[in-house]
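Structural description and commentary
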Amino acid sequence: IPWLLPDNQNLDIIVYKTIGSTNQEAKKIALEGAKKITVIIAEEQTRGRGRMGRSFYSPPKSGIYLSLVLRPNVHASEAVLVTTGASVGVCRAIQKVTGIEPQIKWVNDIYVNGRKIVGILTEAVTNFENGLVEFIIIGIGINFKRPEDDFPKDLEEIAGALFDKKPDTLTRNRLAAEIINEVLNICGDLNKRGFLEEYKSHSMVLGKKIKVCKNNQWQSATAIDIDNDGGLIVRNESGKIETLNSGEISIRRM
Ligand code: BTN
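Residues numbered from 1 in each chain as written. Predicted model: local features only at pLDDT ≥ 70, side-chain atom pairs only at ≥ 80, totals over all residues.

**Considering the overall build of the protein chain**
Filter applied, for reference: In DSSP terms, a helix is any run of H or I states spanning at least four residues, a strand is any run of E spanning at least two, and both are numbered starting from the N terminus. Here the radius of gyration uses the C-alpha set of atoms, whereas the globule reference equals 2.2 Å times the residue count to the power 0.38. Residue pairs qualify as contacts under a 7 Å threshold applied to their C-beta atoms, which are placed from the backbone.
Looking only at helices and strands, the protein chain has four helices and twelve strands in total. Here the C-alpha radius of gyration of the protein chain, 18 Å, is about what a compact globule of 254 residues would show, namely 18 Å. Overall, the protein chain is about 50 × 45 × 30 Å in size when its C-alpha atoms are taken along their principal axes. Sequence separation of 24 or more characterises 67% of the internal contacts of the protein chain that already satisfy a separation of 6 or more.

**What about the site of the ligand?**
The cut-off we apply is this: Only the C-beta atom, placed from the backbone, is used; a residue is near a molecule or strand if that atom lies within 6 Å of it. Residues are sorted three ways: Asp, Glu, Lys and Arg are charged, Ala, Val, Leu, Ile, Met, Phe, Trp, Tyr, Cys and Pro are nonpolar, and all the rest, Gly among them, are polar.
Taken together, 20 residues are adjacent to the ligand, and Ser21, Gly50, Gly119, Gly139 and Gly141 come closest. Mapped onto the shell around the ligand, the elements with two or more residues apiece are helix H1 (22–31), strand E3 (63–70), strand E6 (115–126) and strand E7 (133–143). The residue makeup of the shell around the ligand, split by class, is six nonpolar, ten polar and four charged.

**Structural notes on the UniProt feature "binding site: biotin" (unreviewed entry) in the protein chain**
Heads up, the condition is: UniProt positions are given in the numbering used here, feature names are shortened, and annotations may be inferred rather than shown by experiment.
Here the UniProt-annotated "binding site: biotin" (unreviewed entry) positions come out as Ser21, Thr22, Asn23, Gln45, Arg49, Gly50, Arg51 and Lys116. One can find glutamine 45 in strand E2 (residues 38–45). In this structure glutamine 45 touches Ile19, Gly20, Ser21, Thr22, Ser58 and Tyr65, once residues within four positions along its chain are discounted. With respect to the element layout, lysine 116 can be found in strand E6. Beyond its immediate chain neighbours, meaning those up to four positions away, lysine 116 contacts Asp109, Tyr111, Ile158, Ala159 and Gly160.

This is the structure in structure tokens:
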């Protein structure tokens, strides 16, 4: 994939204390025609956005909220591969600096000890005339430590954090830097798909019974495999094999 820059060394990092959403700002920068790989990172988001129109709880001091603006020359249909690659990059970074081995719930929620600690929202800026993705925004939100006031009630059951309290030596900056490096490394060589086996090894759904919500309807299925483009291959209750391609699909473990 030809990237905007031949090497990843030269990138812009823009830091905010407070921002609505780093993805929103990243999109603005993309639409202005970003000439470099750009990273927006914020201490706090007041309107953090999640997948499927949800919000992402982004209090100060406890999380890492960042968005990368990239320019891959991929077709819109391959965008799910970017998302898959990004989640492997985040897992590698977490493993490297903490030793903790995270799990991935398709497509790109990252879990530790059965709780979601990372959410990723990938958005594409597409040229409608030729179907090519002009920019890709990869938004990554990490619950680094448990928030001061704990999680709001509605997140209590699902949300977790990498650490209960601030670790002695590891900083959020260090983890953020590793994440940026690992994600760029993988995305720079996306077409080789070398990370897919690693993705599968982190998967918490493969071989399991899951519930799939498509067009507002929940159905039971078994997750069988991940295809070459990061799609989830499932067998539904009537035995039919189907490939799910992220988008507006939710899954739940059973
Ligand atoms: C999800 O789990 O639904 C995805 C959450 C993605 C959150 C990150 S935080 C940084 C970036 N900016 C946003 O507004 N959202 C993403």
